[in-house]
Amino acid sequence: MTQPAPEPERSARAIEGFLRHVSFERGLSANTVAAYRRDLVLYREWCGTRGITEFSAVTESDVSDFVGALATRQEPLSTASIARILSSVRGLHRYLHAEGMLAEDVAREVRPPKRGRRLPKAITIEQMSTLLGAVTGDEPVDVRDRAILELLYATGARVSEITGLSVDDVVPEQNLLRVLGKGNKQRIVPYGSYARDALDAYLVRARPVLAQRGRGTPALFLGVRGAPLSRQSVWLIIQAAAEKAELGLDISPHTFRHSCATHLLQGGADVRSVQELLGHSSVVTTQIYTLVTADTLREMYVTAHPRAR
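By convention here, each chain's residues receive numbers from 1 onward along its written sequence. Only residues with pLDDT of at least 70 get local features here, since the model is predicted, and only at 80 or more are side-chain atom pairs given and counted; chain-wide, interface and lining totals rely on the full set of residues. As a rule here, side-chain values come from all non-hydrogen atoms in the structure, and water together with hydrogens is ignored.

Participant: Describe the side chain of Ser 11, naming the residues involved and giving the relevant values.
Facilitator: Helix and strand assignments follow DSSP, with helices taken as H or I runs no shorter than four residues and strands as E runs no shorter than two, numbered in order from the N terminus. Within the secondary structure layout, Ser 11 lies in helix α1 (residues 7-25). Partly exposed residues are those whose accessible area sits between 20% and 50% of the maximum for their type, while under 20% is buried and over 50% is exposed, using a 1.4 Å probe and protein chains only. Residue classification places Ser 11 among the buried residues on the basis of a relative accessible area of 4%. In the analysis that follows, any N or O atom pair within 3.5 Å is treated as a polar contact, provided that within protein one partner can donate a hydrogen and the other can accept it, and provided that, for residues neighboring in sequence, both atoms belong to side chains. For Ser 11, the side chain forms a polar contact with the side chain of Arg 44, separated by 2.9 Å.

Below you can see the structure in the form of structure tokens.
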């Protein structure tokens, strides 16, 4: 008479069945299946340390404790890694429940730890001045590049919004831009004197030269062949300026947006106004920048106040 398989072997077979399912029926890649395997072997081994040798004995509390153990072990995993492992575990329990191998899906309600809110990366006003001052020269592309960088910082616009501008979107007599943002929502954005001077110089001295090389387009910013400038081209312009500025920092188009918002709040602008300027649908998104300014204030206080430490 054939003896029933030992319980640890049953849990291993359950994992293999799930991996076959995701591999063949869901068509996941070999690398993804291998990641599932590593996650579930880790889960199975942890269950073993608690004397749990079969998944039918696992409770919701056990799964929650497993997630907690991942976060508090000697070398804790990141929240992203924990979320991925929990996804594998939930997938396993969901599969076993659907196949009738488990009476209940105990992992269904378990949630990963919340990810820490990532604060936007902004550079200082002095660093921004150095960056903007790094673009020199009187060639049409130099004049264009200065105008782009000044507008990115002055308006906090997304790079896609800047490359999407047409000449008619500029209202020079009022220092305003008509920007088309996410969801095709148009907003009016002001810009200051530095951006105005750079944009005027581009429109008078550079754009006509670049436009002659193309077939005619209403796009505000043009490439060397007269075609509308791409987002990738703007990224390269920013990288070139960052190298010249020698700041030793990772500068991206979003650096300009984040820096604009942070510097406005540091200068006393209210959150609602900054929300409108950036085109955020919710003020909650804009309030992230207040955390940045609060951190700056806290650092200043700890450094300067005689009884802060």
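Participant: So what's going on with the nonpolar core? Residues and values would help.
Facilitator: Formed by 44 residues in total, the largest nonpolar core has its most connected members in Leu 131, Leu 149, Tyr 202, Phe 221 and Phe 256. The contact criterion used throughout is that any non-hydrogen atoms of two residues lie within 4.5 Å. Discounting chain neighbours no more than four positions away, the residues touching Phe 256 are Met 128, Leu 131, Leu 132, Leu 149, Leu 152, Tyr 153, Ile 238 and Ile 251. Throughout, nonpolar core names a set of buried Ala, Val, Leu, Ile, Met, Phe, Trp, Tyr and Cys residues whose side chains join them through atoms within 4.5 Å. In terms of nonpolar packing, the next biggest core, distinct from the first, is built from 29 residues, Ala 14, Val 22, Cys 47 and Leu 86 among them.

Participant: With reference to specific residues and values, describe helix α11 (residues 271-278).
Facilitator: Taken together, the buried positions of α11 are Val 271, Val 274, Gln 275, Leu 277 and Leu 278. Buried residues in α11, looked at end-on, bunch into an arc of 165°, giving them a common side. Counted as exposed and oriented over 90 degrees from the buried face of α11: Arg 272 and Glu 276. Gly 279 occupies a position one or two residues after α11 and carries a positive phi of about 80°. Within this analysis, the arc is defined by the directions that extend from the helix axis to the C-beta atoms.

Participant: So what about the packing of aromatic side chains? Which residues, and what values?
Facilitator: For Phe, Tyr and Trp, where Trp contributes only its six-membered ring, two rings pair if their centres lie within 6.5 Å, and the inter-plane angle classes them as stacked under 30 degrees, edge-to-face over 60, or tilted in between. In this structure the tally under the stated criterion is six aromatic pairs. Summarising the aromatic geometry, the rings of Tyr 202 and Phe 221 are spaced 5.1 Å apart at their centres and angled 35° between planes, so their arrangement reads as tilted. Of the two residues, Tyr 202 is situated in helix α8 (residues 193-211) and Phe 221 in the loop between α8 and α9 (231-245); the sequence distance between them amounts to 19 residues. Three or more aromatic residues link up through ring pairs in this structure, and these residues are Tyr 43, Trp 46, Phe 55 and Phe 66.

Participant: Could you give an account of α8, naming the residues involved and the relevant values?
Facilitator: In a helix, the anticipated span is given by 1.5 Å times the number of residues less one. Across its 19 residues, α8 extends 25 Å between first and last C-alpha, which sits within 8% of the 27 Å expected from 1.5 Å per residue. The sharpest bend along α8 measures roughly 45° and falls at Leu 203. Among the residues of α8, Ala 195, Ala 198, Leu 199, Ala 201, Tyr 202, Ala 206, Arg 207 and Leu 210 are the ones counted as buried. If you follow the buried residues of α8, they end up packed against α6 (140-155) and β1 (170-171). Two axes enter the bend calculation: one fitted to the seven residues ending at the residue in question, the other to the seven starting there, and the bend is the angle between them.

Participant: Lay out the pairing of strand β2 (residues 176-180) in plain terms, naming residues and giving numbers.
Facilitator: The pairing of β1 with β2 spans two bridges and is classified as antiparallel. Bridging from a neighbouring strand, Val 170 pairs with Leu 177 of β2. Strand pairing requires that DSSP identify at least two bridges connecting the strands. With antiparallel pairing between neighbouring strands as the criterion, β1 and β2 make up a hairpin whose turn holds four residues, including Asn 175 at a positive phi of roughly 55°. Looking at chain direction, β2 and strand β3 (residues 186-190) are connected through five bridges and run antiparallel. If you follow Leu 176 over to β3, its bridge partner there is Pro 190. Counted along the chain from β2 to the antiparallel partner β3, the turn is five residues long, and its residue Gly 183 has a positive phi close to 70°.

Participant: Describe in detail the sheet that holds β2, supporting the description with residues and values.
Facilitator: To summarise the sheet geometry, strands pair through backbone hydrogen bonds and adopt either a parallel or an antiparallel arrangement. Pairing within the open sheet is antiparallel, and its three strands lie in the order β1-β2-β3. Each end of this open sheet is capped by a strand with a single partner; those strands are β1 and β3.

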